[in-house]
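# Structure at a glance
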Amino acid sequence: MNIFENMEKYDYEQLVFCQDRKTGLKAIIGIHDTTLGPALGGTRIWNYENEDAAIMDVLRLSRGMTYKNAAAGLNLGGGKTVIIGDPQKMKSEEFFRVFGRFVEGLNGRYITAEDMNTTTEDMEYINMETDHVVGLKGKSGNPSPVTAFGTFKGILAGAREAFGTEDLKGKVVAVQGVGSVGYNLCKHLYEAGARLIVTDVKKSNIEKAVKDFNAEGVEPDEIYSVACDIFSPCAMGAVVNDFTLDKFNCKLIAGCANNVLAEERHGEILEEKGIVYVPDFVINAGGVINVYEEILGYNKERALAKAANVYDKVSEVFKISKEEHIPTYKAAERLAEKRIEAIKNVKSVYLK
Ligand code: NAD
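Residues numbered from 1 in each chain as written. Predicted model: local features only at pLDDT ≥ 70, side-chain atom pairs only at ≥ 80, totals over all residues. Heavy atoms only, no water.

Note the cut-off: UniProt positions are given in the numbering used here, feature names are shortened, and annotations may be inferred rather than shown by experiment.
You'll find the protein chain entered in an unreviewed UniProt entry as Leucine dehydrogenase, with Clostridium bovifaecis given as the organism. In its Sequence similarities (unreviewed entry) section, the UniProt entry covering the protein chain states "Belongs to the Glu/Leu/Phe/Val dehydrogenases family."

As structure tokens, then:
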């Protein structure tokens, strides 16, 4: 792979390769853009097929964080770490402490957090070597309720766009995945008077939602085609794809899952079909808003108040989409890019 060519394509600032033979650590820290502030993004451990796959993933994920953080109005740039290997085999105190020292060496340009296959316990070890880590025990805690609250606000903004009202009374919402975020989201939707259809690969999760929210439970592969007003993806990515597009029987797609569109062209097709799509990284920013509060000094009420702003951000996306005649997924990128450009200008004023 030609690494510099790939970095140049979307103007990445830095890739840091970290190796430690004793612990087996092979980490790549990607810093995409720090115009707005230190690059923040979690540390993921994954058994990548090869090094190129790991590099491509850290590039993709760190850039995604630039957009998510910028669109959420946070003073954070975009970064991410991928660690190559089997999470079951390599985790240990010394493994994470060595990694923590590499993070410390970046002197605050990068702040890490949990991601796939890393936990709050792992962050505690990292924290023994650096303060540039968030998502610690006893601080901002589990982000899922805040993500769910932000997602609910984003659904309200989406409903206003799709139905002309944000009143969810009697609206049917199909929720795919009633895990940490999905379950909390169902609670908000239920309290707002929506009727819920839920699915999950874990039967017990369906049963709980059926019992607690008077929901209807369906099999995982049935959820795409149920008659509903809103489809809410809250499980995994790429659920809007060539196979599902013709099945949707809704007017609005809005949920917490990351990377909902399998490919960008699927966002164009949703637009052609008249289905309103609320872009994932704008609606699911509650989690990162929550950890950002940890940097400022954690306050749950303030985190929730800021997560409520997802409503305004989603509304801004619709405005840009109309003004610039572009689909909403592109408008979300424009929202982030506009903010980065504006702040670049602010920073052009010299300060000692
Ligand atoms: P989770 O693992 O707690 O919940 C996901 C649920 O989806 C689980 O109950 C799982 O059994 C179910 N599921 C998995 N595959 C499924 C399938 N094929 N069909 C139906 N259900 C399926 O995860 P979570 O923390 O609730 O996150 C959900 C999504 O939101 C993920 O895509 C995650 O990346 C994204 N997200 C989460 C946060 C957060 O704060 N937790 C923040 C931003 C984005």
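Following the structure, the description resumes.
## With respect to the overall build of the protein chain
To be explicit about the condition: Segments assigned H or I by DSSP are reported as helices when at least four residues long, segments assigned E as strands when at least two residues long, and all are numbered from the N terminus. When we talk radius of gyration, it's over C-alpha atoms, and the globule rule is simply 2.2 Å times the number of residues to the 0.38. Categorising residues by exposure relies on relative accessible area from a 1.4 Å probe, with only protein chains included: less than 20% of the type maximum marks a residue as buried, more than 50% marks it as exposed, and the intermediate range marks it as partly exposed.
Within the protein chain one finds 14 helices and twelve strands. What you see for the protein chain is a C-alpha radius of gyration of 20 Å, in line with the 20 Å of a compact globule of 352 residues. Along the longest, intermediate and shortest principal axes, the C-alpha atoms of the protein chain span 55 × 50 × 40 Å. Counting over 352 residues, the protein chain shows a buried share of 52%.

## What about the layout of surface pockets?
Empty pockets left among the atoms are what a rolling probe the size of a water molecule brings to light. This is how it is decided: Note on definitions: the grid is 1 Å and covers protein atoms alone; a cavity is a set of points where a 1.4 Å probe fits but cannot get out; a pocket is an open set with protein on both sides within 12 Å along at least five of seven lines; lining residues have an atom within 4 Å of a point. Grid points are joined across faces, edges and corners, and a volume is the space filled by probe spheres set on the points. Three classes are used, and their members are as follows: Ala, Val, Leu, Ile, Met, Phe, Trp, Tyr, Cys and Pro are nonpolar, Asp, Glu, Lys and Arg are charged, and the others, Gly among them, are polar.
Here the second largest pocket is characterised by a volume of approximately 210 Å³. Every residue lining the second largest pocket is listed: Y10, D11, H32, D33, R63, T66, Y67, E337, I340, E341 and K344. Elements with a minimum of two residues in the lining of the second largest pocket: β2 (25–33), α2 (51–71) and α14 (328–346). It is α14 that provides the largest number of residues to the lining of the second largest pocket, a total of four residues. Its residues placed into classes, the lining of the second largest pocket shows three nonpolar, two polar and six charged.

## Some remarks on the side chain of E294
As a reminder of what qualifies: Residues counted as positive are Lys and Arg, residues counted as negative are Asp and Glu, and His and the chain ends are not counted. A carboxyl oxygen of Asp or Glu within 4 Å of a side-chain nitrogen of Lys or Arg is what we treat as a salt bridge. In the analysis that follows, any N or O atom pair within 3.5 Å is treated as a polar contact, provided that within protein one partner can donate a hydrogen and the other can accept it, and provided that, for residues neighboring in sequence, both atoms belong to side chains. Whether two residues are in contact is decided by their heavy atoms, any of which lying within 4.5 Å being enough.
The residue E294 is located in helix α11 (residues 286–296) in this model. In this structure, E294 is buried with no salt-bridge partner, the nearest side chain bearing the opposite charge being K139 at 5.1 Å. For E294, the side chain forms a polar contact with the main-chain nitrogen of L136, separated by 3.2 Å. Once residues within four sequence positions are removed from consideration, E294 is found in contact with V133, V134, G135, L136, K139 and S140.

## Points about the packing of helix α9 (residues 264–273) against α14
Rules: Structural elements are reduced to axes, namely lines fitted to C-alpha atoms, with helices fitted over the stretch in contact, and the angle between N-to-C directions of any two is expressed from 0 to 180 degrees. If an angle is under 35 degrees, it is roughly parallel; if it is over 145, roughly antiparallel; if it lies from 65 to 115, roughly perpendicular; otherwise it is oblique.
Between α9 and α14, whose axes approach to 8 Å, the crossing angle comes to 120°. On the basis of their axis angle, the class for α9 and α14 is oblique. Side by side, α9 and α14 meet where E264, G267, E268 and E271 of the first sit next to T328, Y329, K330 and E333 of the second. Looking at the contact of α9 with α14 residue by residue, the classes come out as one nonpolar, two polar and five charged.

## What about the site of the ligand?
Heads up, the condition is: The nearness test applies per residue and asks whether one of its heavy atoms lies within 4 Å of the molecule or strand. Throughout, the Shrake-Rupley method with a 1.4 Å probe supplies accessible areas, and for residues the shown protein chains are the sole cover considered.
The full set close to the ligand counts 19 residues, and T147, S180, V181, D200 and N205 are the nearest of them. In the environment of the ligand, an oxygen atom lies 2.6 Å from a nitrogen or oxygen atom belonging to the side chain of T147. Here an oxygen atom of the ligand sits 3.0 Å away from a polar atom, N or O, in the main chain of A235. Across the complex, the protein chains shield 73% of the 820 Å² of accessible surface that the ligand would expose by itself.

## Some points on the pairing of strand β1 (residues 14–20)
The test is simple: Two strands make a pair as long as DSSP finds a minimum of two bridges between them.
Of the strand pairs in this sheet, β1 and β2 are connected by seven bridges, and their pairing is antiparallel. For C18, the partnering residue across the bridge sits in β2 and is A27. Hairpin connection between β1 and β2: a loop of four residues separates the two successive antiparallel strands, and G24 in this loop has a positive phi of roughly 80°.

## Comments concerning the side chain of T118
Structurally, the position occupied by T118 is in the loop between β6 (110–111) and α5 (120–127). Here the side chain of T118 touches T43 through a polar contact of 2.8 Å, landing on its backbone oxygen. Looking at T118, its side chain comes within polar contact range of the main-chain nitrogen of D115, at 2.8 Å. What T118 contacts, discounting residues up to four positions off in sequence, is T43, I45, K91, F96, A113 and M123.

## Re the state of the cysteines
Rules: Here, two cysteine sulfur atoms that lie within 2.5 Å of each other are counted as a disulfide.
The tally for this structure, following the rule as stated, stands at zero disulfides. Cysteine C228 is unpaired, with the sulfur of C250 as its nearest cysteine sulfur at 4.9 Å. A disulfide-free cysteine, C234 has its sulfur positioned 3.7 Å from the sulfur of C256, the nearest such atom.

## What to know about the nonpolar core
Rules: Residues grouped as a nonpolar core are buried Ala, Val, Leu, Ile, Met, Phe, Trp, Tyr and Cys residues, joined through side-chain atoms within 4.5 Å. In this document the domain limits rely on a domain assignment from an automatic tool or a database.
Judged by nonpolar contacts, the single largest core of 61 residues is most densely connected at L40, I155, L168, V175, L189, L196 and V198. Composition of this core by domain shows at least three residues from each of domain 1 (3–60 + 77–127) and domain 2 (144–284 + 313–336). Excluding residues within four positions of it along the chain, L168 makes contact with F152, I155, L156, A159, L189, A192, G193, A194 and I230. Judged by nonpolar contacts, the second largest core, of 22 residues, contains I197, F231, V240 and I253.

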